[in-house]
Amino acid sequence: MELTPQELTQYNGADPSKPIYVASFYGPGGAYAMFAGKDASRALAKMSKNDEDVTPSLEGLSEKEIGVLEDWEKKFEAKYPVVGRVAS
């Protein structure tokens, strides 16, 4: 399954009839709620919870930050089932 960024926003926990895509503690009121239903690649790479970093843009990231993002991807894939990818 591929989801557009707009389609992905439907899975942020606001609608209890839909699953939350990434994980339950990413839902409303959760410590990582700002990541639910979004491509938060930049924020993960920068280890940031700042709203301005919750974006798919990887522009200007250092090699170290790209490595951090790759580590996150491996952790998520080991822990959660992949249900789709965000379409570009």
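Right, let's walk through the structure included here. (Residues numbered from 1 in each chain as written. Predicted model: local features only at pLDDT ≥ 70, side-chain atom pairs only at ≥ 80, totals over all residues. Heavy atoms only, no water.)

### So, the nonpolar core
Here is step 1 of the chain: Counting ten residues, the largest nonpolar core consists of F35, A40, A43, L44, A45, V54, L61, L69, F76 and Y80.
Here is step 2 of the chain: When residues of this core are traced back to their parent elements, those giving at least two are α2 (41-46) and α3 (63-79).
Here is step 3 of the chain: Discounting residues that sit within four places of it in the chain, A40 has contacts with F35, V54 and T55. (Core = buried A, V, L, I, M, F, W, Y, C linked by side-chain atoms within 4.5 Å. Buried < 20%, exposed > 50% of the residue type's maximum accessible area, 1.4 Å probe, protein only. Helix = DSSP H or I, 4+ residues; strand = E, 2+ residues; numbered from the N terminus. Contact = heavy atoms within 4.5 Å.)

### Comments concerning the packing of aromatic side chains
Here is step 1 of the chain: Under the criterion given, the structure shown has two aromatic pairs.
Here is step 2 of the chain: Judged by centre distance (5.9 Å) and plane angle (35 degrees), the rings of F76 and Y80 are tilted. Of the two residues, F76 and Y80, both sit in the buried class.
Here is step 3 of the chain: One aromatic cluster is present, formed by W72, F76 and Y80 through successive ring pairs.
Here is step 4 of the chain: Positioned over the ring face of Y11 is K18, at 5.8 Å from the centre of the ring. (Phe/Tyr/Trp six-rings, centres within 6.5 Å; stacked < 30°, edge-to-face > 60°. Lys NZ or Arg CZ within 6 Å of the ring centre and 35° of its normal.)

### A few points about the side chain of R42
Here is step 1 of the chain: Within the secondary structure, R42 sits in helix α2.
Here is step 2 of the chain: Of the side chains with opposite charge, D53 comes closest to the buried, unpaired R42, at an N-O distance of 4.2 Å. (Lys, Arg positive; Asp, Glu negative; His and termini not counted. Salt bridge = Lys/Arg side-chain N within 4 Å of Asp/Glu carboxyl O.)

### Section: the pattern of salt bridges
Here is step 1 of the chain: Under the defined criterion, the tally for this structure stands at two salt bridges.
Here is step 2 of the chain: K46 is the partner of E65 in a salt bridge, and the nearest nitrogen-oxygen pair spans 3.9 Å. Residue E65 is located in helix α3, and its partner K46 is located in helix α2; the two are separated by 19 residues in the primary sequence.
Here is step 3 of the chain: Taking relative accessible area as the criterion, K46 reaches 34% and is therefore assigned partly exposed.
Here is step 4 of the chain: Close ionic contact of E77 with R85 constitutes a salt bridge, the shortest N to O distance being 3.6 Å.

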